Amino acid sequence: MADSFIYGFHAVVSRMRQNPQGVVEIYLHRERNDPRVRELLQLAETQGVRVIFAERHRLDGMAGHDKHQGVVAKVEAARQYHDVFDVIEGLSEPALLLVLDGVQDPHNLGACLRVADAMGAHAVVVPKDRAAGLNATVRKVACGAAETVPFVSVTNLARSLREIKEAGIWVVGAAGEAEGDLFSARLDGPLAWVLGAEGEGLRRLTRETCDLLVRIPMFGSVESLNVSVASGICLYETRRQRNLI
């Protein structure tokens, strides 16, 4: 599996604590000497990870920009799945999936991964085309969740949703114009939440493939929510209902 780069103190420290074996080496800006650097150096020494001091231009090249905070880590790339059933087979609880339809902003994808990790989702599913994939920006925003939540990239999202339905998993889409709302839906069984990008929503074929469409009740003046916020609300309500059983 090819190596990749992550950057920023939070992302690097999270990876070191969760999977130090997957960190090949760490590159630090040679002119930095502050408490965050010293903490990272101590952690790297404890975990036996090599640290290389480098010039800023070299870090810029590895990260692809200069927003790396002076730290870049070469890591073993997280496994990407092509079949959701590789993830959910043998689960000890009802499956809980987050399916993202056309989310192209890497910051939104990273935030969705972080939400998925917090709510115990078993996988995040995205289409290969016209959607963000795992990159350094996603990993930085995800704060370690890109390494803990299985990420499934599928060729045909509608077909994958039909296969998920055939496996007995209820497919629920979030849509602002839906008649039913989140709080009236029963969400305690095997479930796949499907959300689209803010503003565009679900594509027609994706929408038609869902078993149920629900809207998130809105009590203020805004008309829509960021996809990661909406994902958190939907996943949290699912977990809340399951805890009542």
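An account of the accompanying structure is given in this report. Fair warning: this is a prediction, and the values are worked out from it, not measured in the lab.

Comments concerning the state of the cysteines
Link 1 in the chain: Under the definition given, this model contains zero disulfides.
Link 2 in the chain: With no disulfide partner, Cys210 has as its closest neighbouring cysteine sulfur the one in Cys234, 11 Å distant.

Description of helix 5 (residues 106-118)
Link 1 in the chain: The first and last C-alpha atoms of helix 5 sit 18 Å apart over 13 residues, in line with the 18 Å expected at 1.5 Å per residue.
Link 2 in the chain: Where helix 5 is concerned, the buried positions are Asn108, Leu109, Gly110, Ala111, Cys112, Leu113, Val115 and Ala116.
Link 3 in the chain: Residues of helix 5 that are buried make contact with strand 6 (96-101), strand 7 (123-127), helix 6 (136-142), strand 8 (151-154) and helix 9 (227-243).
Link 4 in the chain: If you check the start of helix 5, you find a side-chain oxygen 2.8 Å away from the backbone N of His107, and it comes from Asp105.
Link 5 in the chain: Directly after helix 5, the chain includes Gly120, whose backbone phi takes a positive value near 70°.

What about the pattern of salt bridges?
When their charged atoms lie close together, side chains carrying opposite charge are able to pair.
Link 1 in the chain: Tallying each qualifying case throughout the model produces 13 salt bridges.
Link 2 in the chain: The salt bridge partner of Glu25 is Arg50, with a shortest N-O separation of 3.4 Å. Residue Glu25 is found in strand 2 (residues 23-29), and its partner Arg50 is found in strand 3 (residues 50-54); the two are separated by 25 residues along the sequence.
Link 3 in the chain: Taking relative accessible area as the criterion, Arg50 reaches 54% and is therefore assigned exposed.
Link 4 in the chain: Two residues, Arg239 and Glu93, come together in a salt bridge whose shortest N-O distance is 3.2 Å.

What counts and what doesn't
- Residues numbered from 1 in each chain as written.
- Predicted model: local features only at pLDDT ≥ 70, side-chain atom pairs only at ≥ 80, totals over all residues.
- Heavy atoms only, no water.
- Disulfide = S-S within 2.5 Å.
- Helix = DSSP H or I, 4+ residues; strand = E, 2+ residues; numbered from the N terminus.
- Expected span 1.5 Å × (residues − 1).
- Buried < 20%, exposed > 50% of the residue type's maximum accessible area, 1.4 Å probe, protein only.
- Contact = heavy atoms within 4.5 Å.
- Polar contact = N/O pair within 3.5 Å; in protein donor to acceptor, adjacent residues only side chain to side chain.
- Salt bridge = Lys/Arg side-chain N within 4 Å of Asp/Glu carboxyl O.

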